[in-house]
Amino acid sequence: MTGPVASKAILRATGLGVRVAVAESLTGGLLAATLIEVPGASLVVSGGVVAYDSALKSTLLGVNAELLARTGPVDAEVARQMAAGVRRACAVPGTGEDAVPADIGLSTTGVAGPDPDPQTGAPVGTVWIGVSSALGERAEALHLTGSRADIRAATVVAAVELLDEELEGLASRLRPVRDNPESI
């Protein structure tokens, strides 16, 4: 689906030794499937959570239940909390009993249609993509048009591009340390 961008992101994550996890609502597994289509994805994709129901956003991903009740699922802070939560939810065993969270969490939430969000009235095409990493947490808004399938596909493309940007930022942060080991 996103071919070259997904391949570039997987290759960059592999080179950095970075693990990625995804939390999906709007895209319903399409983002994880797009990343996993790339050969070698098993080296960097820890897993994903499809939390379509808002209750699962809270119980599986740790999104604040009061926030969800107040804003609904189509919200910047919800997207940020989903991204942070999936890093923990898809942690892999480390040494001993310590679990190692994914290095990057990516999330999608929004309204694909055909109707506006029933809780808030957010219009079709309102989308938030969240990202969480050592660089911090943020959410980016999209205002998309088209069919339900078009909106979901465009969200995946934007999410993969955001992942690649985050990886580029992490690479820049790691480069000075690798170039100057004494700065550790």
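Residues numbered from 1 in each chain as written. Predicted model: local features only at pLDDT ≥ 70, side-chain atom pairs only at ≥ 80, totals over all residues. Heavy atoms only, no water.

## A look at the sheet that holds strand β7 (residues 136-143)
Part 1 of the argument: Taken in spatial order, the five strands of this open sheet run β2-β1-β5-β6-β7, and their pairing is mixed. Single-partner strands in this sheet number two, and they are β2 (45-50) and β7. Across the sheet, the mean angle separating the axes of adjacent strands is 15° when strand polarity is ignored.
Part 2 of the argument: Looking at chain direction, strand β1 (residues 20-24) and β2 are connected through five bridges and run parallel. In the sheet register, Ala 23 faces β2, and the bridge partner there is Val 49.
Part 3 of the argument: In this fold helix α5 (residues 76-89) packs onto β1, β2, β5 (104-110), β6 (126-133) and β7, with an angle of close to 140° to the strand it touches most, β5. (Pairing = 2+ DSSP bridges. Helix = DSSP H or I, 4+ residues; strand = E, 2+ residues; numbered from the N terminus. Axes fitted to C-alpha atoms, helices over the stretch in contact; angles between N-to-C directions. Contact = heavy atoms within 4.5 Å.)

## Remarks on the pattern of salt bridges
Pairing between side chains of opposite charge can happen when the charged atoms of each approach one another.
Part 1 of the argument: A full pass over the atoms with the stated rule returns five salt bridges.
Part 2 of the argument: Taking the shortest distance from any N to any O, the salt bridge between Lys 8 and Asp 164 comes out at 3.3 Å. On the criterion of sequence distance, the pair formed by Lys 8 in helix α1 (residues 3-16) and Asp 164 in helix α6 (residues 148-179) is long-range, its members being 156 residues apart.
Part 3 of the argument: Residue Lys 8 is classed as partly exposed on the basis of its relative accessible area of 44%.
Part 4 of the argument: Assessed through its relative accessible area of 7%, Asp 164 is described here as buried.
Part 5 of the argument: When salt bridges with common partners are traced through the structure, they connect Lys 8, Arg 12 and Asp 164 into a single cluster. (Salt bridge = Lys/Arg side-chain N within 4 Å of Asp/Glu carboxyl O. Buried < 20%, exposed > 50% of the residue type's maximum accessible area, 1.4 Å probe, protein only.)

## Describing the confidence of the model for the chain
Part 1 of the argument: For the chain, the mean per-residue pLDDT works out to 93, and 92% of the residues sit at or above 70.
Part 2 of the argument: Below a pLDDT of 50 lies the segment residues 177-184, which in the model reaches five contacts outside its immediate sequence neighbourhood of four places, other chains included. (pLDDT = per-residue confidence, 0-100.)

## A word on the environment of Gly 85
Part 1 of the argument: As for its position among the elements, Gly 85 is in helix α5.
Part 2 of the argument: Note: C-alpha distance between Gly 85 and Ser 107 (22 residues apart in sequence) is 9.4 Å.

## Overview of the nonpolar core
Part 1 of the argument: Membership of the largest hydrophobic core comes to 34 residues, with the highest contact counts inside it found for Leu 31, Leu 35, Ile 104, Leu 106, Ile 129, Leu 163 and Leu 167.
Part 2 of the argument: Where this core is concerned, the elements lending two or more residues are α1, β1, α2 (30-36), β5, β6 and α6.
Part 3 of the argument: Of the residues forming this core, the biggest block, ten residues, is contributed by α6.
Part 4 of the argument: In contact with Leu 163, other than residues within four places in its own chain, are Ala 9, Val 20, Leu 35, Ile 104 and Leu 106.
Part 5 of the argument: If you look at the next biggest cluster of nonpolar residues, it comprises 13 residues, including Ala 21, Val 49, Val 78 and Met 82. (Core = buried A, V, L, I, M, F, W, Y, C linked by side-chain atoms within 4.5 Å.)

## Observations concerning α5
Part 1 of the argument: The terminal C-alpha atoms of α5 lie 20 Å apart, and with 14 residues this matches the ideal 20 Å at 1.5 Å per residue to within 8%.
Part 2 of the argument: Across the 14 residues of α5, ten count as buried, placing the element largely inside the fold.
Part 3 of the argument: Of all the residues in α5, the buried ones are Ala 76, Val 78, Ala 79, Gln 81, Met 82, Ala 83, Ala 84, Gly 85, Val 86 and Arg 87.
Part 4 of the argument: Two or three places before Glu 77, at the opening of α5, Asp 75 has a side-chain oxygen 2.9 Å from that residue's backbone nitrogen. (Expected span 1.5 Å × (residues − 1). Polar contact = N/O pair within 3.5 Å; in protein donor to acceptor, adjacent residues only side chain to side chain.)

## Considerations on the side chain of Thr 126
Part 1 of the argument: Within the secondary structure layout, Thr 126 lies in strand β6.
Part 2 of the argument: Given a relative accessible area of 12%, Thr 126 falls into the buried group.
Part 3 of the argument: From its side chain, Thr 126 meets the backbone oxygen of Pro 123 in a polar contact 2.8 Å long.

## A word on the packing of helix α3 (residues 54-61) against α5
Part 1 of the argument: The N-to-C vectors of α3 and α5 enclose an angle of 45°; their axes lie 9 Å apart at closest approach. Looking at the two axes, α3 sits oblique to α5. As α3 packs across α5, the resulting crossing turns out to be left-handed. Between α3, through Lys 57, Leu 60 and Leu 61, and α5, the contact on the second element is made entirely by Val 78, Gln 81, Met 82, Gly 85, Val 86, Arg 88 and Ala 89. (Parallel < 35°, antiparallel > 145°, perpendicular 65-115°, else oblique. Left-handed = near helix turned anticlockwise from the far one by under 90°.)

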